[in-house]
Amino acid sequence: MSDLFQQESPLVQIEFSEPKGAAPRIEEKPFNGYLNLRGRSDHTGFIAGVLKVLGVEAPTEANTVIDAGDNRIYWFGPDEWLIVTKPGQQTRVRNDLLAAFAGVFSSVVDNSSGLTTIHVTGDNAAALIATDCPLDLHPREFKPGQCAQTRLAKAGMTISPLADGSGFELIIRRSFADYLLLWLQDAAIAFE
Amino acid sequence: MFLIECPWCGLRDETEFSCAGEAHIARPLETEKLSDEEWADYLFMRSNPKGAHREQWLHAAGCRRYFNALRDTVTYKISATYKIGETPPSEGKK
Ligand SMILES: [Zn+2]
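Quick caveat: nothing in here was measured; it's all calculated off a predicted structure.

Q: Explain the coordination of the zinc ion to me, please; I cannot follow it from the model alone.
A: Expected angles at a metal are 109.5 degrees for tetrahedral coordination by four donors and either 90 or 180 degrees for octahedral coordination by six donors. Residue and element names in this part refer to chain B. Every protein donor of the zinc ion is listed here as C6 (SG), C9 (SG), H59 (ND1) and C63 (SG), and their distances to the metal cover 2.0 to 2.4 Å. Geometry at the zinc ion is tetrahedral, judged from its four donor atoms and the angles of 104 to 117 degrees they form at the metal. Here the donor residues of the zinc ion share one chain and are spaced in sequence as C-x2-C-x49-H-x3-C. With C6 in strand β1 (residues 3-6) and H59 in the loop between β4 (52-58) and β5 (66-72), this residue pair connects regions lying 53 residues apart in the sequence.

The structure is reproduced here in C-alpha cells:
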C-alpha cells in the first residue's frame, strides 16, 4: 500500500518505554476494527444474522464479552454491542452483517478510526487504573469474560480483564487517547 | 462513594449517572388539540415534591440507558430503581 494511505495511531506521538520498578506495562494494540452494532436481541432475524456472520449469538447478559473467532463482541446495552475485529477486517465484517440483516431492524456503524485499545499489565495494573476509576477491579468482582463501560480519569472507556489474568484491556476514544496515555504514564510513576 | 443501582449494570458510582427529571410523564396524544395552558403544563410543570419522587436517570458513562429511580428529595436516598416501562414499586405510588 502507498505511504499516502499509511494508517497512523492516535498515539503516534506517545513514547512507550519499558516499565520501571513495579510500574505496570502500558502498551497500545493499534488498528483494530471497531463496529457498533444495534438491533433487537429478541428478533429472530437479528439473532440469525449475527450467528451467520460471527458464529455466535450477541451476548445478552449485561457487561459481558465473548470471543467469536477472530472477533470479540462486547455487551454495550440491551440493544447495543461493540464488535472488535482484527486490523483490516472491519469492512468485510460490516458488509457481511449488512447483507445478513437485509430487511432486519438493525444498524452496523464502522467506528474504527474513533477508538483504540490499550493493555495495562503487571502486578500493579489494577492499582494503577484504580487511581482514578470508580469500578471495583478486584478479581472477585471483575473476571475475564466481563466488561464494563465506565470512566478513567473522567474520560469514558470500556474495560475488561485480560483472559490470562495479567491485567486489563482498555478501549478508549481517539480524542481522549493522548490525554489518557499521558495520565496513565504519569500515574505509573508512583509505582516505579 | 455514593452508589446508584443501574437496572442493567448493577451498583455503579454516582459520577457515571445523570438525572433527567420527573418520570412517568406521558406525552399527550393529539397535541395539536391542546390549549396553550395544557401544552405548557406538559412541557414545564413538575410536581417537585418533598419526599418520595419518581425520576428518570441516565447511566451516562455506562450502558447509556435511561431508567427510573424512586428517590427521596430530602434524604437523597434512592429506595428503588427499575427499567423504563416497568411499574414503579408500590412504595412510590401516592
Ligand atoms: Zn447501566
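Q: Could you clarify how one ought to interpret the sheet that holds β5(B) in this entry?
A: Strand pairing in a sheet takes place through backbone hydrogen bonds and is either antiparallel or parallel in direction. Residues and elements named next belong to chain B. Pairing is antiparallel in the open sheet, where four strands are placed in the order β3-β4-β5-β6. Looking along the sheet, the strands with just one partner apiece sit at the ends: β3 (18-22) and β6 (78-83). The sheet shows a mean angle of 35 degrees between the axes of neighbouring strands, taken without regard to direction. In this structure, β4 lies alongside β5, joined through seven bridges in antiparallel fashion. If you follow E55 over to β5, its bridge partner there is A69.

Q: Looking at this structure, how should I read the domain arrangement of chain A?
A: You'll often see interface size given as the accessible area lost when the parts meet. Residues and elements named next belong to chain A. The assigned domain composition of chain A is domain 1 (24-30 + 114-191) and domain 2 (33-112). Placing the centre of domain 1 and that of domain 2 at their C-alpha centroids yields a distance of 24 Å. Listed by partner, the interface residues are 14 residues for domain 1 and 13 residues for domain 2. Summing the contributions of domain 1 and of domain 2, the shared interface buries around 1,100 Å²; its carbon and sulfur component is 50%. The largest contributions to the domain 1 side of the interface with domain 2 come from L115, C147 and Q149, which together make up 45% of the buried area. Joining domain 1 to domain 2, the criterion identifies zero salt bridges. At the surface where domain 1 touches domain 2, the tally comes to seven residue pairs in polar contact (both at pLDDT 80 or more). Looking at the side of domain 1 that touches domain 2, the elements with two or more residues in it are β7 (115-121), β8 (148-152), β9 (155-161) and β10 (167-173). Here the element with the most residues in the side of domain 1 that touches domain 2 is β7; it accounts for three residues. Tallied by class, the residues present in the side of domain 1 that touches domain 2 amount to five nonpolar, eight polar and one charged.

Q: How do you make sense of the sheet that holds strand β2 (residues 33-39) of chain A when you look at a structure like this?
A: Residue and element names in this part refer to chain A. Read from one edge of the open sheet, five strands run β3-β4-β5-β2-β6, paired in antiparallel fashion. On the outer flanks of this sheet lie β3 (65-68) and β6 (106-110), each paired with one strand and no other. Across the sheet, the axes of successive neighbouring strands diverge by a mean angle of 20 degrees, strand direction being ignored. In terms of strand pairing, β2 meets strand β5 (residues 80-85) through six bridges, oriented antiparallel. Across the sheet, L35 pairs through a bridge with I83, a residue of β5. Those strands touched by helix α1 (residues 44-54) are β2, β3, β4 (71-77), β5 and β6, and its axis lies near 160 degrees from that of β2. Across the sheet, helix α2 (residues 90-100) lies against β2, β4, β5 and β6, angled at about 165 degrees from β6, the strand it touches most.

Q: Which parts of the structure should I look at to understand the packing of aromatic side chains?
A: Aromatic rings in a pair are described by how distant their centres are and how their planes are angled relative to each other. Within this structure, the stated rule accounts for seven aromatic pairs over all chains. When the ring of B:W39 is compared with that of B:Y42, the centres are 5.4 Å apart and the planes differ by 35 degrees; the resulting orientation is tilted. Here B:W39 pairs with B:Y42, and both are found in helix α1 (residues 36-44), just three residues apart, close to one helical turn. Ring pairs connect the aromatic residues A:F46, A:W81 and A:F101, which therefore count as one cluster. The lysine or arginine in question, B:R71, covers the ring of B:Y76, its NZ or CZ lying 4.5 Å from the ring centre. Lying over the aromatic face of B:W8, B:K83 brings its terminal NZ or CZ to 3.9 Å of the ring centre.

Q: Mind showing me how you'd approach a negative patch on the surface here?
A: Residues and elements named next belong to chain B. Taken together, the side chains of D36, E37, E38 and D41 make up a negatively charged region of the molecular surface. Note on placement: E38 falls in helix α1. According to the relative accessible area criterion, E38 is partly exposed, its value standing at 44%.

Q: Is there a simple way to think about the interface of chain A and chain B in this case?
A: The interface of chain A with chain B comprises 15 residues on the first partner and twelve residues on the second. Note on chain A versus chain B: buried area summed over both sides is about 1,100 Å², and carbon and sulfur give 47% of it. Where chain A touches chain B, the interface holds three salt bridges. Taking the shortest distance from any N to any O, the salt bridge between A:E80 and B:R64 comes out at 2.7 Å. If you look at where chain A meets chain B, you find seven residue pairs in polar contact (both at pLDDT 80 or more). Residue assignment for the side of chain A that touches chain B shows that the elements contributing at least two residues are β4 and β8 of chain A. Here the element with the most residues in the side of chain A that touches chain B is β8(A); it accounts for four residues. Broken down by class, the residue content of the side of chain A that touches chain B amounts to seven nonpolar, four polar and four charged.

What counts, and at which threshold
Residues numbered from 1 in each chain as written. Chains lettered and ligands numbered in written order. Predicted model: local features only at pLDDT ≥ 70, side-chain atom pairs only at ≥ 80, totals over all residues. Heavy atoms only, no water. Donors = N, O, S within 2.8 Å, 3.2 Å for Na, K, Ca; no water. Tetrahedral: all angles 85-135°; square planar, octahedral: opposite > 155°, others 65-115°. Helix = DSSP H or I, 4+ residues; strand = E, 2+ residues; numbered from the N terminus. Pairing = 2+ DSSP bridges. Axes fitted to C-alpha atoms, helices over the stretch in contact; angles between N-to-C directions. Domains from an automatic or database assignment. Contact = heavy atoms within 4.5 Å. Buried area = accessible area lost by both parts, 1.4 Å probe. Salt bridge = Lys/Arg side-chain N within 4 Å of Asp/Glu carboxyl O. Polar contact = N/O pair within 3.5 Å; in protein donor to acceptor, adjacent residues only side chain to side chain. Nonpolar A, V, L, I, M, F, W, Y, C, P; charged D, E, K, R; others polar. Phe/Tyr/Trp six-rings, centres within 6.5 Å; stacked < 30°, edge-to-face > 60°. Lys NZ or Arg CZ within 6 Å of the ring centre and 35° of its normal. Patch = residues over 30% accessible without salt bridge, like charges linked within 9 Å, V, L, I, M, F, W, Y side chains within 5 Å. Areas by Shrake-Rupley, 256 points an atom, 1.4 Å probe, with all protein chains shown as cover. Lys, Arg positive; Asp, Glu negative; His and termini not counted. Charge placed at Lys NZ, Arg CZ, Asp CG, Glu CD. Buried < 20%, exposed > 50% of the residue type's maximum accessible area, 1.4 Å probe, protein only.

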